[in-house]
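The residues making up each chain are set out below.
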Amino acid sequence: MRELVREHRIDPAQLVQPLFVVENPKDAGPIASMPGIERFTLQGAVHEARTLDALGLGAVLLFGIPETKDAAATKNYDPAGIVQQTAREIKNALPHMVVIADLCNCEYTDHGHCGILNELGDVDNDSTVEVLTRTALTYARSGVDVVAPSDMMDGRVRAIREALDAEDFEETAIMSYSAKYASAFYGPFREAAGSTPQFGDRRTYQMDPSNGREALREMALDAQEGADILMVKPALAYLDIVRAARDRFDLPIALYNVSGEYSMIKAAAINGWIDEERAVHEMLVSFARAGANIVITYFAKEYAARSR
Ligand code: PBG
């Protein structure tokens, strides 16, 4: 009877698995701070996508790790860049699979910031938006279905939407990291992606964890600018924001269960301090209860494999 009256169920089709893809095969392999997660070569990523597709997952979210970086993130909009190539290959192999590409500069800049720096060493909003727009077009041309700007620059959703439409990519969707907080929970990701800022931090462009109303304002702006999906990130400490967003907007709400949230559970499980399977289910159900429709989580593959 408990099953009969159950209010929320997790469907693998609503889960998104992040995939780290390296340009230099030497960089492939396990990520120490994220047990069970690895950095794939291009071919490895295509193989993994086949497995995820067979498990019924909703989508993959691509993160590229280029071989070389520079101050202007030029590798980000290289038509033969690692994300562009991976997207092409996955879409060739699995045309029905939804491919989302994270759109940011932090993996591509040698200073590790999400944007282009001005003379003062601060991230310059408008020149960063230009690079993002350029990159988004190369992603769309490579078959990416959804571009996901995670930089938190102002006005980028509108700029990307206009650029995509101008090239007849009306059907390429935008999933905006709308309410992205300056969070300690991204630590393991930065090791995985090699994107730790070389100086300073991301507080000039990511949100203050103390602010809730501001998140709704950011989301309203992105919705107005043409975002198709609004995202809240991280997940566990921000479920109040998800609930408020679900009640206020009609767009799909995505939630990013980030690297630190993954690693905390994994570390406790490896030490025998927590029942991983139950903890993960409890966490995913809490996301659904809060109102999340799409959940990006490093647990997606394992969860889908267990639900078969
Ligand atoms: C890129 C980006 C980050 C994450 C997703 N996209 C890192 C950051 O902002 O520092 C974090 C994902 C995670 O921790 O799992 N800007």
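Fair warning: this is a prediction, and the values are worked out from it, not measured in the lab.

Reading the values: the criteria
- Residues numbered from 1 in each chain as written.
- Predicted model: local features only at pLDDT ≥ 70, side-chain atom pairs only at ≥ 80, totals over all residues.
- Heavy atoms only, no water.
- Helix = DSSP H or I, 4+ residues; strand = E, 2+ residues; numbered from the N terminus.
- Contact = heavy atoms within 4.5 Å.
- Areas by Shrake-Rupley, 256 points an atom, 1.4 Å probe, with all protein chains shown as cover.
- Lys, Arg positive; Asp, Glu negative; His and termini not counted.
- Charge placed at Lys NZ, Arg CZ, Asp CG, Glu CD.
- Near = heavy atom within 4 Å.
- Polar contact = N/O pair within 3.5 Å; in protein donor to acceptor, adjacent residues only side chain to side chain.
- Nonpolar A, V, L, I, M, F, W, Y, C, P; charged D, E, K, R; others polar.
- Axes fitted to C-alpha atoms, helices over the stretch in contact; angles between N-to-C directions.
- Parallel < 35°, antiparallel > 145°, perpendicular 65-115°, else oblique.
- Left-handed = near helix turned anticlockwise from the far one by under 90°.
- Phe/Tyr/Trp six-rings, centres within 6.5 Å; stacked < 30°, edge-to-face > 60°.
- Buried < 20%, exposed > 50% of the residue type's maximum accessible area, 1.4 Å probe, protein only.
- Lys NZ or Arg CZ within 6 Å of the ring centre and 35° of its normal.
- Expected span 1.5 Å × (residues − 1).
- Arc of directions from axis to C-beta.
- Salt bridge = Lys/Arg side-chain N within 4 Å of Asp/Glu carboxyl O.
- Patch = residues over 30% accessible without salt bridge, like charges linked within 9 Å, V, L, I, M, F, W, Y side chains within 5 Å.

Participant: Is there a simple way to think about the overall build of the protein in this case?
Facilitator: When helices and strands are counted, the protein shows 10 helices and 10 strands. Considering only C-alpha atoms, the protein reaches an extent of 60 × 45 × 40 Å along its principal axes. Look at the contacts in the protein between residues 6 or more apart in sequence, and 75% of them connect residues 24 or more apart. Accessible area for the protein stands at about 13400 Å²; split by element, carbon and sulfur atoms hold 50% of it. In the protein, 31 side chains carry a positive charge and 46 a negative one; their mean positions are 5 Å apart.

Participant: Any chance you could explain the site of the ligand here in plain terms?
Facilitator: Around the ligand there are 18 residues in total, and Lys-180, Arg-190, Lys-233, Ser-259 and Tyr-298 lie nearest to it. Contacts to the ligand include Arg-190, whose side-chain N or O atom sits 2.7 Å from an oxygen atom. At 3.4 Å from a nitrogen atom of the ligand is found a side-chain nitrogen or oxygen belonging to Lys-233. For the shell around the ligand, the class distribution of residues is 10 nonpolar, 3 polar and 5 charged.

Participant: What is the right way to look at the packing of helix α6 (residues 213-225) against helix α7 (residues 239-248) in this model?
Facilitator: In a pair of packed helices, the angle between the axes and the distance between the axes together describe the arrangement. The contact between α6 and α7 brings their axes to 10 Å, and the two run at 40°. The angle between α6 and α7 places the two elements in the oblique class. When you trace α6 past α7, the crossing you get is right-handed. Contacts from Ala-215, Leu-216 and Met-219 in α6 reach Ile-241, Ala-244, Ala-245 and Arg-248 in α7.

Participant: Is there a simple way to explain the packing of aromatic side chains in this structure?
Facilitator: How two aromatic rings sit relative to each other is given by the distance of their centres and the angle of their planes. Counted by the stated rule, this structure contains 9 aromatic pairs. With 5.6 Å between their ring centres and 55° between their planes, Phe-20 and Phe-189 make a pair best called tilted. You can see Phe-20 sitting in strand β1 (residues 15-22) and its partner Phe-189 sitting in helix α5 (residues 187-193), a full 169 residues away along the chain. As far as the burial class goes, Phe-20 and Phe-189 line up, both buried. By way of ring pairs, the aromatic residues Phe-20, Phe-63, Tyr-177, Phe-189, Tyr-256, Tyr-262, Tyr-298 and Phe-299 are connected into one cluster. Directly above the aromatic system of Tyr-77 lies the positively charged group of Arg-134, at a separation of 4.0 Å from the ring centroid. One cation-aromatic arrangement involves Lys-233 over Tyr-256; the distance from NZ or CZ to the ring centre is 4.8 Å.

Participant: Is there a simple way to think about helix α1 (residues 42-54) in this case?
Facilitator: Each α-helix turn comprises 3.6 residues. Residues three or four places apart therefore point the same way. When the terminal C-alpha atoms of α1 are compared, their 19 Å separation across 13 residues agrees well with the 18 Å that a helix rising 1.5 Å per residue should span. Taken together, the buried positions of α1 are occupied by Leu-42, Ala-45, Val-46, Glu-48, Ala-49 and Leu-52. Looking down the long axis of α1, one finds its buried residues gathered within 165° of arc, a one-sided arrangement. Exposed and facing more than 90 degrees away from the buried side of α1 are His-47 and Ala-54.

Participant: It is not clear to me how the pattern of salt bridges should be interpreted in this structure. Could you clarify?
Facilitator: Pairing of side chains with opposite charge becomes possible as their charged atoms draw close. One pass over the structure, following the stated rule, counts 13 salt bridges. Between Glu-48 and Lys-301 there is a salt bridge, with the nearest N and O atoms lying 3.0 Å from each other. Placement of Glu-48 in helix α1 and of Lys-301 in helix α10 (residues 300-306) is noted, with a sequence separation of 253 residues between them. Take Glu-48: its relative accessible area is 9%, and that puts it in the buried class. For Lys-301, a relative accessible area of 29% translates into the label partly exposed. Residues Asp-228 and Arg-161 are paired through a salt bridge, measuring 3.7 Å at the closest nitrogen-oxygen approach. Taken together, the residues span a long stretch of sequence, with Asp-228 in the loop between α6 and β8 (229-233) and Arg-161 in helix α4 (residues 156-166) at a distance of 67 residues. Taking the relative accessible area as the measure of exposure, Asp-228 reaches 32% and is therefore partly exposed.

Participant: Can you help me understand the environment of Ala-235 in this one?
Facilitator: As for its placement among the helices and strands, Ala-235 is situated in the loop between β8 and α7. Spatially, the C-alpha atoms of Ala-235 and Ala-254 are 9.7 Å apart, while their sequence positions differ by 19 residues. Once residues lying within four places of it in the same chain are set aside, the contact partners of Ala-235 are Leu-255, Tyr-256, Asn-257, Glu-261 and Phe-287.

Participant: Got a minute to help me understand the packing of α7 against helix α9 (residues 276-290) in this structure?
Facilitator: It is the contact of α7 with α9, at a shortest axis distance of 8 Å, that shows an interaxial angle of 35°. On α9, the residues touching Leu-239, Val-242, Arg-243 and Arg-246 of α7 are Ser-286, Phe-287, Arg-289 and Ala-290. Grouping the constituent residues of the contact of α7 with α9 by class yields 4 nonpolar, 1 polar and 3 charged.

Participant: Help me understand a nonpolar patch on the surface, please; the structure alone is not making it clear to me.
Facilitator: Taken together, Met-1, Leu-4 and Val-5 make up a surface patch of nonpolar side chains, about 420 Å² in accessible area. Relative to the helices and strands, Val-5 resides in the segment before β1. We classify Val-5 as exposed; its relative accessible area is 55%.

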